[in-house]
Amino acid sequence: MAIVVLIRFQTGWLESQNVHAVSLEDARLFFPSAAQVLPPPSGSGLYQVLNARDDSLGALLTTSPETDSIIGYSGPTNLLVGLDTTGAVEGIRLLRSGDTPEHVELVLADPAFLQAFVGWKPGKGPPPKIAAVTGATLTSYAIAESLAQRLSGSRSSLRFAYPVTLADVRKLFPTAETIEPAGSRWKVLGAGGKLLGQALRTSPAADNVSGYSGPTETLVALSPDGDTVTGLHLLKSYDTLEYVDNVRTDKDYLGLFAGRTVGDLARLDFEGERIEGVSGATKTSWAVAESLKRRLAAELAPPATPPQTLSRARDWALAATVAGALALAFTSLRGNRWIRLGWQALMIGYIGLAGGGLLSLSLFGGWAAHGPALRAAPGLLLLGLAALVIPWASRRQLYCHQICPHGAAQQWLGMVGKKLRFRKKTAPAAPPGPRPPRHRAATLWEALPAVLLCAAVLALLLGLPLRLAGIEPFDAWVWHVAGTATLAIAAIGLAASVFVPQAYCRFGCPTGAVFSFVRSSGHGDHWGSRDWAALALLAAGLLSVGWTRLDSGREQPAADIVALGGKAMGSTWSVKIRGPVPDPAGIEKAVAGELERIEQIASTWRADSSLSLFNASRSTEPVPVPADLVRLARQAREVSQASGGAFDITVGPLVRLWGFGPGPRRESPPSESEIKAVRSRLGWRGLTVADHTLAKASPEVEADVSALTEGWAADQVTALLKQKGFHEFLVEISGEIRVAGTWPIAIEHPLRTCVLHDEAIATSGTYRQNWKAAGHTYSHLLDARTGRPVTHDTVTVSVRHPDCMVADAWSTAFNVLGYEMGLPIADRLGLAVQFVTEGEGTAPQVHSSAAW
């Protein structure tokens, strides 16, 4: 038992060292035009897949670890699933399996099995009906159940892949203290755990309900009994933000739905009840109402059909097999030759040829490593327990003598061999005398099963790729599953049993060695050689586990790092790549070309850039612009809104006024009248972002995305390097950093370090790029709300995030807000932020958000 516990413990550790990280190569199995894979938000498990224009192609997820408890024949299977933008299954690929390799290969060789799931929309209907793969019934059913459970469970939205926070819920329940998941909803609790109500989000049920230019997600407040809607709050939206704001602030419209039951709203007739939309945002308001209706209708829908389960007939048959074997072993029936032969024929026919339910080292090894298949095969588990417990309790081999079809086949072949030998002419029997001495070779051969058993245990502990089914003959009973080695062992063992009784059982069966070891020996079952052998094997196992842990913790030689670099965007860039780089000059040229493309889109210094041409336009009609510029503008506008205007996408004229943009530097600060005149042209609400266009509220409005362009450039270069097959690298553009793999990073002022893993960091500071006039220092960091440089004591802000563009934007926003105003927002949004404050004559102080 101690060895089994050790195997289970070690297997969990080994698997934790080999967690599959979804890569760009994985994404291209389903989406050939994929250019970037975004890591999943916390709790989501969905990897968003984007093309070169940052348009969503779909998402990826893995079935592990959520379905690791679903065991097939001998272990769980981890699958990679691709989902298109509608949530339908695009395709399925095997990542890793702890099940018997022969069974897994048989499932993968069946073209119809996994293909049956392609096109299924989880949540829109029951899982597809599948037929088990012959010869791999338990494995195929376990894979089907894993897919059904993973996809039909608490699947996150593909479009709104972020968690609902307590801050969101407080928009509807101001006194909320905590929220607790409750199925598809959340319980909202106040002081002392008092139930204030319930909340739910409209995604993913309404992700495809589009308003003017995209869907909007709504948070719905419900009464404590969950039956009445008490309020609505609009969360993230892909619709035109101006229209979304109109709906969000129209309390009369949102109030139309409050006080009504879930059932009433699920059957809402807009025309019949004469519900009109919000003036100027009709399509957006209609989409909000329709999303609410669909989401509540989904709440009232009957539960989805549960995943298929394997028929229990097999389990009852195995239970009957155990009962019959017990009767034969412990009653006088075992003395009846014809009953015994009939039973053996039944075992050969059912357990061997029909059921394929033989116990094996592969099965026990899988159960020891991953846990038994209690859900998938309780009958097989009962058979295994009987095979182990009965010898220990009664000194009788139940499985080997009464059930094993391979042992029964050897007995029958032995009887054939005995008849053949009796037919031969033999010399007269020798007079009785002492038994001849046991041949030394026989003794050595009889030790082989124990040696194989020890090798199997050590292979499991060390994580070695030993196919346990390949050192035994039992898979040969399902011949189209068996490998060459298995078939050869079966053929040789059965042929030898014609001449040597039970040849394989005596000289080759490691599973039989397990049953022999657990069998009690009588006389109080005193400590003996078997126990010393088990103790030695346990000691060897402990040493092997210690060695693997020590070896994994030993510092590995650092891989060669290739450094590339150049100038772009008015600053410098650098790339460091671990491992071989076949064409450094080519990579450097490709990165420089990508940065040149970005400048041509988003530069405020180039008069011919897409952004500058838009700013120069005097039209207030929607202007077509590149998709990349739309993405930048949308992100900048979202941060502008979320920061209360501290960050402002229209700040460009103010930047020029203070001498920090294109043009000459100032020698004195601007006057109050100049500041007032420029401020009248500012305001993030004056810019409208649609799917392919930007529009100004007045001709003087300008867009400035400089505060996030360098971070976005780091994201684009990261996508380029991943596309070229690199997995460990660091991209730095004007101080903004994004890494693939794990890299230690130094942060200035004060000097400190952090370790990044597949994420980005951006730092904004007020201690550089300043100018002085009349003994006063003016920071380059401007607050659009006042029209002046910031004056608080926050000197730097660093933000960590999976996307460098987001980190770049928020580092600027938080530096404008300052530590006191910014830290509560960072905690509310769950952002990893570090503020550095420095007063007059005092040392810098570091303040970190909860997520840092």
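All figures in this text were calculated on a predicted structure; none of them were measured in a lab. (Residues numbered from 1 in each chain as written. Predicted model: local features only at pLDDT ≥ 70, side-chain atom pairs only at ≥ 80, totals over all residues. Heavy atoms only, no water.)

Asks: Please explain the packing of helix H25 (residues 627–642) against helix H28 (residues 706–723) as it appears in this structure.
Replies: Helix packing geometry: the angle between the two helix axes and the distance between the axes. Contact pair H25 / H28: the axes reach a minimum separation of 10 Å and the direction vectors enclose 125°. When the axes of H25 and H28 are compared, the pair comes out oblique. Considering how the two elements wind past one another, H25 and H28 form a crossing that is right-handed. Two secondary-structure elements touch here, H25 through Asp628, Arg631, Leu632, Gln635 and Ala636 and H28 through Leu708, Thr709 and Trp712. Here the residues of the contact of H25 with H28 sort into four nonpolar, two polar and two charged. (Axes fitted to C-alpha atoms, helices over the stretch in contact; angles between N-to-C directions. Helix = DSSP H or I, 4+ residues; strand = E, 2+ residues; numbered from the N terminus. Parallel < 35°, antiparallel > 145°, perpendicular 65-115°, else oblique. Left-handed = near helix turned anticlockwise from the far one by under 90°. Contact = heavy atoms within 4.5 Å. Nonpolar A, V, L, I, M, F, W, Y, C, P; charged D, E, K, R; others polar.)

Asks: Explain the pairing of strand E20 (residues 760–765) to me, please; I cannot follow it from the model alone.
Replies: Where a strand is regular, its side chains alternate between the two sheet faces. Most of E20 is tucked away, with five of its six residues classed as buried. As defined by bridge partners, strand E17 (residues 736–740) adjoins E20 across two bridges and the pair is classed as antiparallel. Looking at E20, one finds that Ile737 is bridged to Ile761. Pairing analysis gives six bridges linking E20 to strand E25 (residues 794–801), with the strands arranged antiparallel. Across the sheet, the residue bridging to Ile761 is Arg800, located in E25. (Buried < 20%, exposed > 50% of the residue type's maximum accessible area, 1.4 Å probe, protein only. Pairing = 2+ DSSP bridges.)

Asks: Got a minute to help me understand the sheet that holds strand E10 (residues 229–237) in this structure?
Replies: Sheet strands line up and pair through hydrogen bonds in the backbone, either parallel or antiparallel. Read across the sheet, five strands follow the order E6-E7-E8-E9-E10 without closing on themselves; strand pairing throughout is antiparallel. Both edges of this open sheet fall to strand E6 (178–182) and E10, since each of them pairs with a single strand only. Mean inter-strand twist for the sheet, computed between neighbouring axes without regard to direction, equals 25°. One ladder, built from six bridges, connects strand E9 (residues 216–222) with E10; its direction is antiparallel. Looking at the pairing, Thr216 lines up with Ser237 of E10. Helix H7 (residues 241–249) rests against E9 and E10 of the sheet, and its axis sits at about 165° to E10.

Asks: Looking at this structure, how should I read the pairing of strand E18 (residues 742–747)?
Replies: Burial of the side chains of E18 is restricted to one face: Trp743, Ile745 and Ile747 are buried, whereas none of Thr742, Pro744 and Ala746 on the reverse face is. Alignment of E18 against strand E19 (residues 752–757), held across six bridges, turns out to be antiparallel. Its bridge partner being in E19, Thr742 is matched across the sheet by His757.

Asks: Got a minute to help me understand a nonpolar patch on the surface in this structure?
Replies: Taken together, the side chains of Leu385, Val389 and Trp392 define a hydrophobic patch exposed on the protein surface, amounting to about 320 Å² of accessible area. With respect to the helices and strands, the residue Trp392 is situated in helix H14 (residues 378–394). (Patch = residues over 30% accessible without salt bridge, like charges linked within 9 Å, V, L, I, M, F, W, Y side chains within 5 Å. Areas by Shrake-Rupley, 256 points an atom, 1.4 Å probe, with all protein chains shown as cover. Salt bridge = Lys/Arg side-chain N within 4 Å of Asp/Glu carboxyl O.)

Asks: Looking at this structure, I do not really get the sheet that holds strand E27 (residues 845–848). What am I missing?
Replies: Taking strand neighbours across the sheet as the criterion, the eight strands line up as E11-E12-E16-E17-E20-E25-E26-E27 in an open arrangement whose pairing is antiparallel. The two strands at the open ends of the sheet, each matched to only one other strand, are strand E11 (561–568) and E27. Adjacent strand axes in the sheet meet at a mean angle of 15°, parallel and antiparallel pairs treated alike. Contacts from helix H23 (residues 584–602) reach E11, strand E12 (571–578) and strand E16 (729–733), with the element oriented near 35° to E11. Along the sheet face, H28 touches E12, E16 and E17 and points at about 150° away from the line of E16.

Asks: Help me understand the environment of Lys283, please; the structure alone is not making it clear to me.
Replies: Along the chain, the position of Lys283 falls in helix H10 (residues 282–300). Remark: the alpha-carbon pair of Lys283 and Asp239, spanning 44 residues in sequence, is separated by 9.6 Å. With sequence-adjacent residues up to four places away left out, Lys283 is seen in contact with Gly211 and Tyr212.

Asks: Help me understand the confidence of the model for the protein chain in this model?
Replies: Parts of the prediction with low pLDDT should not have their coordinates interpreted in detail. Per-chain confidence: the protein chain averages 80 in pLDDT, with 82% of residues scoring 70 or above. Model confidence for the protein chain, summarised as mean pLDDT per element, is weakest for strand E21 (residues 771–773) at 54 and strongest for strand E8 (residues 195–201) at 94. Here residues 304–310 is modelled with pLDDT under 50, and outside its nearest four sequence neighbours on either side it reaches 13 contacts, counting other chains as well. (pLDDT = per-residue confidence, 0-100.)

Asks: What's the story with the environment of Val731 in this structure? I'm lost.
Replies: Along the polypeptide, Val731 turns up in strand E16. In this structure, Val731 is in contact with Ser574, Val575, Ala714, Val717, Thr718, Leu721, Glu736, Ile737 and Arg738, ignoring residues within four places of it in sequence.

Asks: What am I meant to see in the packing of H25 against helix H29 (residues 804–817) here?
Replies: The geometry of H25 relative to H29 is characterised by a closest axis approach of 10 Å and an angle of 35° between their N-to-C directions. The way H25 lies across H29 gives a crossing that is right-handed. Side by side, H25 and H29 meet where Arg631, Leu632, Gln635, Val639 and Ala642 of the first sit next to Met805, Val806, Ala809, Trp810 and Ala813 of the second.

Asks: Whenever I open this one, the packing of aromatic side chains confuses me. Can you help?
Replies: Two aromatic rings are characterised by how far apart their centres lie and by the angle between their planes. Considering all chains together, one arrives at nine aromatic pairs under this definition. With a centroid separation of 6.5 Å and an interplanar angle of 70°, the aromatic rings of Phe113 and Phe117 are classed as edge-to-face. Residue classification places Phe117 among the buried residues on the basis of a relative accessible area of 1%. For the cation-ring pair, Lys696 lies above Phe614, with the distance from its terminal atom to the ring centre recorded as 5.0 Å. (Phe/Tyr/Trp six-rings, centres within 6.5 Å; stacked < 30°, edge-to-face > 60°. Lys NZ or Arg CZ within 6 Å of the ring centre and 35° of its normal.)

Asks: Hey, could you run me through unusual backbone geometry in this one?
Replies: Apart from glycine, the bulk of residues carry a negative phi angle, and the bulk of peptide bonds sit in the trans form. Phi is positive for Gln502, which is not a glycine, with a value near 50°. Residue placement: Gln502 occurs in the loop between helix H19 (484–496) and helix H20 (503–507). The residue Asp758 is not glycine, and still its phi comes out positive at about 50°. By secondary structure assignment, the location of Asp758 is in the loop between E19 and E20.

Asks: For this particular structure, what's the right way to read the environment of Gly82?
Replies: Note that Gly82 resides in strand E4 (residues 77–84). Setting aside chain neighbours within four positions, we find Gly82 in contact with Phe30, Ala59, Leu60, Ala88, Val89, Glu90 and Gly91.

Asks: Please clarify how the nonpolar core should be interpreted in this entry.
Replies: Within soluble globular proteins, side chains that are nonpolar tend to cluster in buried spots. Formed by 66 residues in total, the largest nonpolar core has its most connected members in Ile577, Leu595, Leu721, Ile733, Trp810 and Phe814. No other element matches H29, which puts ten residues into this core. Excluding its chain neighbours within four sequence positions, the residues that come into contact with Phe814 are Val797, Val799, Gly822, Ile825, Ala826, Leu831, Val833 and Phe835. (Core = buried A, V, L, I, M, F, W, Y, C linked by side-chain atoms within 4.5 Å.)

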